[in-house]
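What the coordinates show
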Amino acid sequence: MKLSTIPLAVRTTCPYCGVGCGVTAMAQPDGSLAIAGDTEHEANRGRLCVKGAALGETLGLDGRLLQPALRERGQLRDASWDEALDRVAAGFARAIAQHGPDSVALYVSGQMLTEDYYVANKLMKGYIGSANIDTNSRLCMSSSVAGHKRAFGEDIVPGCYEDFELADMVVLTGSNTAWCHPTLFQRLVRARELRPQMKIVVIDPRRTATVELADMHLPIKPGSDAWLFNGLLCHLARQGRADRDFIAAHTEGLDEALAAAHDTCGDLQAVARACRVDPALLLAFYDAFAATTKVVTAYSQGINQSSSGTDKVNSIINCHLLTGRIGKPGMGPFSLTGQPNAMGGREVGGLANMLAAHMELEDPAQRAAVQTFWNAPRIAQRPGLKAVDLFRAVEEGRIKALWIIATNPVVSLPDADQARRALAKCDLVVVSDIVAGTDTNAYADVLLPALGWGEKDGTVTNSERRISRQRSFLPAPGAARADWQVLCDVARRMGFGGFDYQSVHEIFDEHARLSAWRNEGATARMFRLDGLAGMSRRDYDELEPIQWPVTRGKDGKPRGAARLFGDGRFARPSGRARLVPVLPRGPANLPGDDYPLALNTGRVRDQWHTMTRTGKSPRLAGHVPEPFIDMHPQDALLYGVREGELARVTSCWGAMVARVAHGGGIARGSLFVPIHWSGQTAAHARVGAVVNPAVDPLSGEPEFKHTPVRVEPFGVAWHGFILSRRALALERAANWTRIEGASAHRYELAGRQPVALAPGWARELLEAVDEDADWLEYEDQGAGLYRAAHLVDGRIEACLFVSRLPALQSRAWLAALFGQERLSAQDRADLLAGCGRAGASDTGPTVCSCFGVGRATICKAISEHKLVDVAGVTACVKAGGNCGSCVPEIRQLLADVALAAK
Ligand SMILES: Nc1nc2c(c(=O)[nH]1)N[C@H]1C(S)=C(S)[C@@H](COP(=O)(O)OP(=O)(O)OC[C@H]3O[C@@H](n4cnc5c(=O)[nH]c(N)nc54)[C@H](O)[C@@H]3O)O[C@H]1N2
Ligand SMILES: Nc1nc2c(c(=O)[nH]1)N[C@H]1C(S)=C(S)[C@@H](COP(=O)(O)OP(=O)(O)OC[C@H]3O[C@@H](n4cnc5c(=O)[nH]c(N)nc54)[C@H](O)[C@@H]3O)O[C@H]1N2
Ligand code: SF4
Ligand SMILES: [Mo]
């Protein structure tokens, strides 16, 4: 890519997780781009995790959607913006005219910038007059939103990242922080190095990478958090830890909450049974929590993604309210947000049950306030459909036109095959994305190319309420345009005024002014950006990261706030926080005879969601090169599946296929499958199809962490892999998965037909039809071995290795051949022999992605040099010396090697 036109160094914000790290992008003399952590950004102070560090590798234009496209007679064809926008505006207008405003919907994303989000919400709620705009934050943060509103009266995270460093105990529940919020986790680990008395507790049914660095792990039964925290509430009360003054002055509902907790969780033994943990361990945790004033309880999807997610959130907040441990340095409940702008979306009211600027859709005065401010022709009168219901309404034909922006619901929704059915039936599906090939795009009638990270411009808000600028430093590729511009264009074509913005600065200013609009008196909202209203374009462009609420200091400069509620004032009409009575309940669907196991789903360290961006980086591909089904070895034995072989996971809703793995620290009775693979990267590994669509009754957040399933062998006659410079269509393989290597696509595949039966099949598979090409082939039918390579002008184009067993040759030395312009005679012989020369041995899956160090290299160094700690490993092979994300895995390897040596 030509980067010579970009300014020298631009300070921006990472587009991945909610930590919201500051990034500096620098053009290099060779035209490439160097990415570094912004040392002045408070969130990360110069650190980046490996996903952030690899951003430069994901910006190439291959695979990008560069031109609008329209579907005609089943085929997509390129179109002009005019044509595409007309089609969208006319389609929406027609549906509204014929079936009313609730017959159209927007499904948007926490990866949009605040300015994009603001415009989308304004269009739908204020001008179309329906609240049928929901977002993938429904799948992510909505239980926290609902919990915050019940307890505090407003969706507010009280604390900040510094609290993690100031605390004496940090409880991480339902959060694999080491992998999902890596730089924050590194801050925490460093703080503990400085103050070893500080304790880290992890509550997670799995022994995750986060657990490797924890002082205590409670491997609770999936879904049992509310029992645990209700039990803690009782324990704290019994131990006299209730802060009487704080409770009397600043809370309500204590008696009801305590009564509910006592009724259900008054007995420690009973709680230990409900949570399936050792009572002594539980008591040790309770005692430590009781004895420590400075406690942060941070939580993420193990809490939110549950049919009782909102109650789980409140059971945590209750413990902090009882002890008055909130709003002060080093303490408080802390919801870790997932996406880069999960927070910003909530500020503008992007969810179907919110309005804008933290105003309430169901409050007539606030509705009128927003309508007046927007000068809008109408305003949505009631909450719209939440994501899962929205897609049901689409399938039932109640939604006629749907516009999806910056999310990939065919992969990420629960019961994801339902999402497919819904989109297939919908009259008009519009998709705005940055890449051309996604599972969702396949259902688009109109495809709109969006600007991506580095090209788009605006603001995002991270988990600690810190607003940061994402700045553009790359030219717009092809015909791609910013999402806000496209939304405004459609709004104008639908005849709406109020969308004549010239820049993101104007939108932000309107958003800031709205936050202060009629915001006074007893019901004043705490979310306010008064201090940022009226900024000049230049001030906006130069905006330094700042935490809301933002007021103006005496010097006239914007002043942020690190913490809220420190004065004991909450956003409820009484000014008091509410302890919510919680009656714990288990997952909606429980395992039974047909589906005896519980499926848990989540993330791996180096991939982001559906891999449309991280999937482009070879550096990130090596850590987990394939989808997997992690399960306990005894369960594998029981259900007749074997490590390394393929298995199928089936639920009432759908099925998926991946390779069985052990070692993910999973208890008996559960499976863990990563969420990242889609129809673009695997034949059958889209786990969303298996996930049950049960949701929390208040928040509507799906129960992604718990679906009853069964597992069985996926029988195949052979296993194989392909390295190919060209992307291949592998429809004929029974199963395949794909990742990107440095010079070749890498496919793992498996087939049902015996290889020998179909002569010429391999040439077809590799698309090696060129008669002039070299075709090397080796076959041993008795042993079930087959190898082939396709060369053009001495350069390797593709190769295929097949065996009856899943353990095939190392891909590392083969991949190296793709870096060569010509293969030597020795290379050709090696290809047929199926092994590289000595010294080119496989280093195994990547552990340290920053320095590309494999597992085998680390294990060898540990045993040869008798290494005993991570520092020793780093000194010897560099692994762990940069972002630190792999430190937990290095610790695990140190333990494994020590165990093996005994
Ligand atoms: N590498 C990477 N990082 C990411 C993302 C990514 O795609 N890749 N995505 C970002 C986004 S949008 C989000 S929302 C966050 C998610 O961040 P996390 O929530 O930390 O990640 P998950 O892997 O979804 O799930 C967290 C843990 O919850 C545990 N869990 C399951 N059931 C229960 C339960 O009943 N109780 C408890 N206590 N724990 C349970 C799971 O075993 C899992 O380890 O990550 C963000 N960061
Ligand atoms: N089974 C299971 N499913 C889950 C979860 C789970 O834990 N388990 N977690 C859920 C959670 S927490 C989340 S957040 C979701 C995430 O799920 P999705 O939001 O569906 O996943 P992404 O891959 O991030 O999708 C973002 C899409 O937007 C595109 N894109 C990127 N930047 C831009 C832009 O600037 N403009 C536009 N228009 N498009 C852009 C990307 O190419 C991509 O196609 O998944 C949810 N689904
Ligand atoms: S921790 Fe999150 S925000 Fe920071 S670099 Fe990594 S993915 Fe980006
Ligand atoms: Mo998320």
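Chains are numbered independently. Their residues run from 1 in the order of the written sequence. Ligands are numbered from 1 and chains lettered from A, in the order in which they are written. This being a predicted model, a pLDDT of at least 70 is required before a residue's local features are given, and a value of 80 or more before pairs of side-chain atoms are given or counted; all residues contribute to the totals for chains, interfaces and linings. Computation of side-chain values covers all heavy atoms of the structure but excludes hydrogens and water.

A few points about the site of ligand 3
- The local shell around ligand 3 consists of Cys-14, Tyr-16, Cys-17, Gly-20, Cys-21, Leu-48, Cys-49, Lys-51, Gly-52, Pro-182 and Thr-183.
- Contributing elements (two or more residues each) for the shell around ligand 3: α1 (50-53) and α7 (182-194).
- Each residue is assigned to one class: nonpolar for Ala, Val, Leu, Ile, Met, Phe, Trp, Tyr, Cys and Pro, charged for Asp, Glu, Lys and Arg, and polar for all the others, Gly among them. A per-class count over the shell around ligand 3 returns 7 nonpolar, 3 polar and 1 charged. Residue proximity to a molecule or strand is established when one non-hydrogen atom of the residue lies within 4 Å of it. We count a stretch as a helix when DSSP gives it H or I for four or more residues in a row; a strand needs E for two or more, and each element gets its number in order from the N terminus.

Here we look at the site of ligand 2
- In the region of ligand 2, 32 residues are neighbours, and Gln-111, Ser-412, Asp-433, Lys-456 and Thr-610 sit closest.
- Under the rule applied, a polar contact is a pair of N or O atoms within 3.5 Å (in protein, one hydrogen donor and one hydrogen acceptor; residues adjacent in sequence only if both atoms are side-chain atoms). A distance of 2.6 Å is found between an oxygen atom of ligand 2 and a side-chain nitrogen or oxygen belonging to Asp-433.
- Within the side chain of Arg-603, one N or O atom sits 3.1 Å away from a nitrogen atom of ligand 2.
- Protein chains bury 99% of the 920 Å² of accessible surface belonging to ligand 2 in isolation. Here the Shrake-Rupley method, with its probe set to 1.4 Å, supplies the accessible areas, and only the displayed protein chains count as covering residues.

Some remarks on the pairing of strand β33 (residues 785-792)
- Among the 8 residues that make up β33, 6 are buried, leaving the element largely enclosed by the rest of the structure.
- Where strand β32 (residues 774-780) and β33 come together, 7 bridges link them in antiparallel fashion. Following the sheet pairing, Glu-779 is matched in β33 by Tyr-786.
- One bridge is not enough; two strands pair if DSSP finds at least two bridges between them. Two elements, β33 and strand β34 (residues 795-803), share 7 bridges in a ladder whose sense is antiparallel. Bridging from a neighbouring strand, Ala-788 pairs with Leu-800 of β34.
- In sequence, β33 turns back onto β34 through a hairpin of 2 residues, with Asp-793 there showing a positive phi of about 50 degrees. Under the scheme applied here, a residue whose accessible area is under 20% of the maximum for its type counts as buried, over 50% as exposed, and between as partly exposed, the area being computed with a 1.4 Å probe on protein chains only.

Remarks on the domain arrangement of the protein chain
- If you check the domain split of the protein chain, you get domain 1 (9-58), domain 2 (69-137 + 342-457 + 470-497), domain 3 (142-335), domain 4 (597-713), domain 5 (718-833) and domain 6 (846-901).
- One C-alpha centre belongs to domain 5, the other to domain 6, and the line joining them spans 32 Å. Domain boundaries shown here were taken from an automatic or database domain assignment.

A look at the sheet that holds strand β17 (residues 458-461)
- If you walk across this open sheet you meet the 3 strands as β17-β18-β19, and the pairing is antiparallel. The outermost strands of the open sheet, each flanked by one partner alone, are β17 and β19 (546-547).
- Of the strand pairs in this sheet, strand β18 (residues 466-470) and β19 are connected by 2 bridges, and their pairing is antiparallel. Counted as the bridge partner of Arg-466 is Gln-547 from β19.

Some details on the sheet that holds strand β29 (residues 718-724)
- Within the open sheet, the 6 strands sit side by side as β30-β31-β29-β34-β33-β32. Their pairing is antiparallel. The strands lining the two open edges of the sheet, one partner per strand, are β30 (735-740) and β32. Averaged over all neighbouring strand pairs, the angle between strand axes comes to 10 degrees, with direction disregarded.
- Summarising the sheet, β29 and strand β31 (residues 745-751) pair through 7 bridges and their orientation is antiparallel. Bridge pairing in β31 links His-719 to Ala-750.
- Contacts are assigned to residue pairs with any non-hydrogen atoms lying within 4.5 Å of each other. Note on geometry: axes are lines fitted to C-alpha atoms, helical ones only across the stretch in contact, with angles between N-to-C directions running from 0 to 180 degrees. Sheet strands touched by helix α28 (residues 825-833): β32, β33 and β34. Its angle to β32, the strand with the most contacts, is close to 35 degrees.

Re the pairing of strand β6 (residues 104-108)
- Most of β6 is tucked away: 5 of the 5 residues are buried.
- Sheet topology note: the β6/strand β14 (residues 401-405) ladder contains 4 bridges and is parallel. By the bridge assignment, Ala-105 is partnered in β14 with Leu-402.
- Crossover handedness is defined by viewing with both strands directed away from the observer: a clockwise path from the first strand over the helix to the second marks the crossover as right-handed. Taking the sense of rotation as the criterion, the β-α-β connection linking β6, helix α3 (residues 114-128) and strand β7 (residues 133-135) turns out right-handed.

Looking at unusual backbone geometry
- Residue Pro-549 follows Trp-548 across a cis peptide bond; omega there is 0 degrees.
- Following the sequence through the fold, Pro-549 ends up in the loop between β19 and β20 (551-552).
- Non-glycine residue Arg-518 carries a positive phi angle of around 45 degrees.
- One can find Arg-518 in the loop between α22 (504-516) and α23 (537-541).

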